[in-house]
Amino acid sequence: MFKQARHIFRSIPFSGPSSPATELVPKGHLAVYVGESREKSRFVVPISYLKHPLFNELLRSSEDEYGFNHPMGGLTIPCTENDFTFYLNKMMQ
């Protein structure tokens, strides 16, 4: 369980393309932006989560909310940070 947990990185709040949060994503990971307000937090998660049913639910909610035109220019998940971390913890079990 702890081995997987250390692969999740949370960056500083992201507010635009000039933010330091635009750092490179490690190989085998993807960045997602999480939040319901204009300012979002950037999380870097393993790509293996793309196969997890809970993550697929989050992707469907993102598609319903934004279609394929994400406001951050990247994958944006429309939920609170607390909800997202709850889902991440469930995926690690």
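Being a predicted model, the structure only gives us computed values, none of them experimental.

Chemist: Give me the lowdown on the nonpolar core, citing residues and values where you can.
Modeler: In terms of nonpolar packing, the biggest core is built from 14 residues, with Val32, Val45, Phe55, Phe84 and Leu88 touching the most fellow members. When contributions to this core are tallied by element, the ones reaching two or more residues are β2 (29-34), β3 (40-46), α2 (53-66) and α3 (81-92). In terms of residues, this core owes the most to one element, α3, which gives four residues. Val32 has contacts with Ser41, Arg42, Phe43, Phe55, Leu75, Ile77 and Phe84, leaving out every residue within four places of it along the chain.

Chemist: Account for α2, naming residues and giving values.
Modeler: Every α-helical turn comprises 3.6 residues, leaving residues that sit three or four positions apart pointing alike. Given a rise of 1.5 Å per residue, 14 residues ought to cover 20 Å, and the 20 Å separating the end C-alpha atoms of α2 matches this to within 8%. Those residues of α2 not exposed but buried are Phe55, Leu58, Ser62 and Tyr66. Seen from one end, α2 has its buried residues packed into an arc of 55°, which puts them on one side. Those residues of α2 that are exposed and aimed more than 90 degrees away from the buried face are Pro53 and Asp64. Those residues of α2 that are buried are in contact with β2, β3, β4 (76-77) and α3. At the exit of α2 stands Gly67, carrying a positive phi of roughly 65°.

Chemist: Describe the packing of α2 against α3, listing the residues and the values that go with them.
Modeler: Axis separation between α2 and α3 bottoms out at 9 Å; the angle between their running directions is 150°. Comparing the axis directions of α2 and α3 gives the class roughly antiparallel. Seen from α2, the contacting residues are Leu54, Phe55 and Leu58; seen from α3, they are Phe84, Tyr87, Lys90 and Met91.

Conventions and cut-offs
- Residues numbered from 1 in each chain as written.
- Predicted model: local features only at pLDDT ≥ 70, side-chain atom pairs only at ≥ 80, totals over all residues.
- Heavy atoms only, no water.
- Core = buried A, V, L, I, M, F, W, Y, C linked by side-chain atoms within 4.5 Å.
- Buried < 20%, exposed > 50% of the residue type's maximum accessible area, 1.4 Å probe, protein only.
- Helix = DSSP H or I, 4+ residues; strand = E, 2+ residues; numbered from the N terminus.
- Contact = heavy atoms within 4.5 Å.
- Expected span 1.5 Å × (residues − 1).
- Arc of directions from axis to C-beta.
- Axes fitted to C-alpha atoms, helices over the stretch in contact; angles between N-to-C directions.
- Parallel < 35°, antiparallel > 145°, perpendicular 65-115°, else oblique.

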